Every structure is written in C-alpha cells, then in structure tokens.
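For reference, the chains in residue letters:
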Amino acid sequence: MKPIKLNQKSVQLITPRIGDEYKAMYHYRAASNWCKDNGFMIAAAYFDKESKEELEHAEGLQMYLVDWNVIPALNEIDAAPKFTSIDEIISKSYSLEYDLYEQYEETSMAIFELPDPCTFDFLQKYRNIQTESVAKYADMLNIIEGVEPSKINMLLIEHKLFG
C-alpha cells in the first residue's frame, strides 16, 4: 500500500506561496544588507531576523507538503530589490506583506472550497502571521508619515521603528 498524497489542487495552491516566502526572504536580506552598508545597524539586525523568519515560513510550507508525500516544486524567484532609503524599505515591505496577506487569504479560501479543511487549518498560522506583519509595517508607515526622510532623521527614529 502506498501512502496517500495531498490533493493535487491543494499542492498547486500552496506551491506559489513557497516562492512568495523565498521572495520575502530575499527582500529582507537585501534590506538588511542595505541598512548595514548605510549605518542603520538596528534596522539591519531587524531585517536580518525578518529574513530568517521568511525562510522558516518557506520551510514550513515545504515540510507540510513533504509530510503529505509530495516533493514541493521550487519555482524560480525574482532577484532581490535594490533600495535607496530606509523609508523606501518600509514602504516596499508593507506592500510585500500586504500582497502576501491577500495571497494567503485567496489561497485559503480556494482550499476551503475544495474542501480541504486540514490544509485550510494549517494555513491559519500563515494568515495570522500576515495579519500581524501588515499591522506592524502600517505602524511604521504611520511613524514616518510627515518626517523628512533624511538620513539623520531616520537614524533618530531608528530605535522607535526597529528597536
């Protein structure tokens, strides 16, 4: 007897999220590198941690598929973005997290309609993570609103943003 594999439609819906998590990992790795190179050491450490968490998310999705006897496809992802300022990083991070939020919502609803309640329940963790991430970056955008994004100003509020 062979073990049962996860529904192929569920696999097709989850696989792009793996790529999204790797894309986010590259994004935060590039942000950390830019911050470190530009003297934003607190932000560099913050984005380093974010990068590692995104990698954990990608690994978690992959392990779910492997546990269901599916070898996940690892699709090609785009190169990491290039940044020019800390406020740009925050803005692009918010957009990235909001897009991921929408993708997890869409994926979850499609899986719910299959129906695949176990996979829907598994994705609850990722929906919660995205909700928290969107709120966190919205708070950062609110903090920097109206602040002239000069290096000195950003360094002065760096601890408030990332500490």
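Details of the structure are given in the entry above.
Structure report, in brief. Everything numeric in this text was worked out from a predicted model, so none of it was measured.

**Side note on the packing of helix α4 (residues 117-144) against helix α5 (residues 151-162)**
- Following both chains from N to C, one finds α4 and α5 inclined at 150°, their axes separated by 11 Å at the closest point. Between α4 and α5, the angle falls in the class roughly antiparallel. Where α4 crosses over α5, the handedness of that crossing is right-handed. In this structure, α4 uses Met-140, Ile-143 and Ile-144 to contact α5, whose residues at the interface are Met-154, Ile-157, Lys-160, Leu-161 and Phe-162.

**Overview of the environment of Ile-111**
- Within the fold, Ile-111 resides in helix α3 (residues 86-113).
- With relative accessibility at 0%, the residue Ile-111 sits in the buried group.
- Separated by 11 residues in the primary sequence, Ile-111 and Leu-100 have C-alpha atoms spaced 16 Å apart.
- Apart from residues lying up to four places away in sequence, Ile-111 is in contact with Ser-10, Leu-13, Ile-14, Asp-116, Thr-119, Phe-120 and Leu-123.

**Considering the environment of Gly-39**
- Structurally, the position occupied by Gly-39 is in the loop between α1 (8-37) and α2 (41-67).
- Take Gly-39: its relative accessible area is 34%, and that puts it in the partly exposed class.
- For the pair formed by Gly-39 and Lys-49, sequence separation is 10 residues and the distance between their alpha carbons is 17 Å.

**Let's talk about the side chain of Glu-97**
- Looking at the element boundaries, Glu-97 is found in helix α3.
- Among buried Asp, Glu, Lys and Arg side chains, Glu-97 stands out as unpaired, with Lys-136 the closest opposite charge at 6.5 Å.
- Non-local contacts of Glu-97, meaning those with residues more than four positions away in its chain, are made with Tyr-28, Glu-50, Glu-54, Gln-130, Ser-133, Val-134 and Tyr-137.

Parameters at a glance
- Residues numbered from 1 in each chain as written.
- Predicted model: local features only at pLDDT ≥ 70, side-chain atom pairs only at ≥ 80, totals over all residues.
- Heavy atoms only, no water.
- Axes fitted to C-alpha atoms, helices over the stretch in contact; angles between N-to-C directions.
- Helix = DSSP H or I, 4+ residues; strand = E, 2+ residues; numbered from the N terminus.
- Parallel < 35°, antiparallel > 145°, perpendicular 65-115°, else oblique.
- Left-handed = near helix turned anticlockwise from the far one by under 90°.
- Contact = heavy atoms within 4.5 Å.
- Buried < 20%, exposed > 50% of the residue type's maximum accessible area, 1.4 Å probe, protein only.
- Lys, Arg positive; Asp, Glu negative; His and termini not counted.
- Salt bridge = Lys/Arg side-chain N within 4 Å of Asp/Glu carboxyl O.

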